[in-house]
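# Close look at the chain arrangement
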Amino acid sequence: MIRELATIQTIADDYLEVSTELKTGCGSCAQQNTCGAGVISKAFSDRRATFRVNRPAGEFSVGEQVELLLPEQMLTQASLLIYGLPLIALFVMAVLSQSLLGFSEGVTIIAAFTAFIGSFWALKQWFKRRDIQVSQFLKVQQLL
């Protein structure tokens, strides 16, 4: 399970609105003060994500910290889709444009990148529609 701390912002009958701090990979490296990525991550360190999760049984209060649990398999599947599908779309369109349709090299490149960008847009729309289902995989656990 992937664990993340969140703070309750709003409480409703069937959901909790929680907020988590978005973290970067930088922070523990010895070079964080001289590295460009470390300096940039400090500049944007106060970024937060707010979203809704199903409310479990129990008593909650605004400002209380809870632990969000997400199965690793869910993250792995989403990562494969987000990184793999656009690359597959790029290569398939390049092969189709060049081999089957006989387009010139310039048109093939434009068509391949259009498929690449279009797949990101399609994934964004698909994930928007599935947002409720994704939040259902998150489990809320009260801290003791």
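See the structure printed just above.
What comes next concerns the included structure. (Residues numbered from 1 in each chain as written. Predicted model: local features only at pLDDT ≥ 70, side-chain atom pairs only at ≥ 80, totals over all residues. Heavy atoms only, no water.)

### Examining the sheet that holds strand β3 (residues 48-54)
Basically, it comes down to this: When DSSP finds two or more bridges between a pair of strands, those strands are recorded as paired. Secondary structure elements follow DSSP: runs of H or I no shorter than four residues count as helices, runs of E no shorter than two count as strands, and numbering proceeds from the N terminus. Every axis in this analysis is a line fitted to C-alpha atoms, fitted for helices over the stretch in contact. Angles between the N-to-C directions lie between 0 and 180 degrees.
The strand order β3-β2-β1-β4-β5 describes an open sheet built from five strands, whose pairing is antiparallel. Where the open sheet ends on each side, the last strands, each with one partner, are β3 and β5 (139-142). The average angle at which neighbouring strand axes cross in this sheet is 40°, direction not considered. Pairing geometry for strand β1 (residues 2-11) and strand β4 (residues 65-70), over six bridges, is antiparallel. Looking across to β4, one finds that T7 is bridged to Q65.

### Regarding the nonpolar core
Using the following cut-off: Remark: nonpolar core denotes a set of buried residues (Ala, Val, Leu, Ile, Met, Phe, Trp, Tyr, Cys) joined through side-chain atoms within 4.5 Å. Buried residues are those whose accessible area, probed at 1.4 Å on protein chains only, stays under 20% of the maximum for their type, while exposed residues exceed 50% and partly exposed ones sit between those limits.
Membership of the largest hydrophobic core is limited to twelve residues, which are A6, I8, L16, V18, V53, F60, V66, L68, L70, M74, L138 and V140. Looking at this core, the elements that each hand over two or more residues are β1, β2 (15-21) and β4. The biggest single contributor to this core is β4, with three residues.

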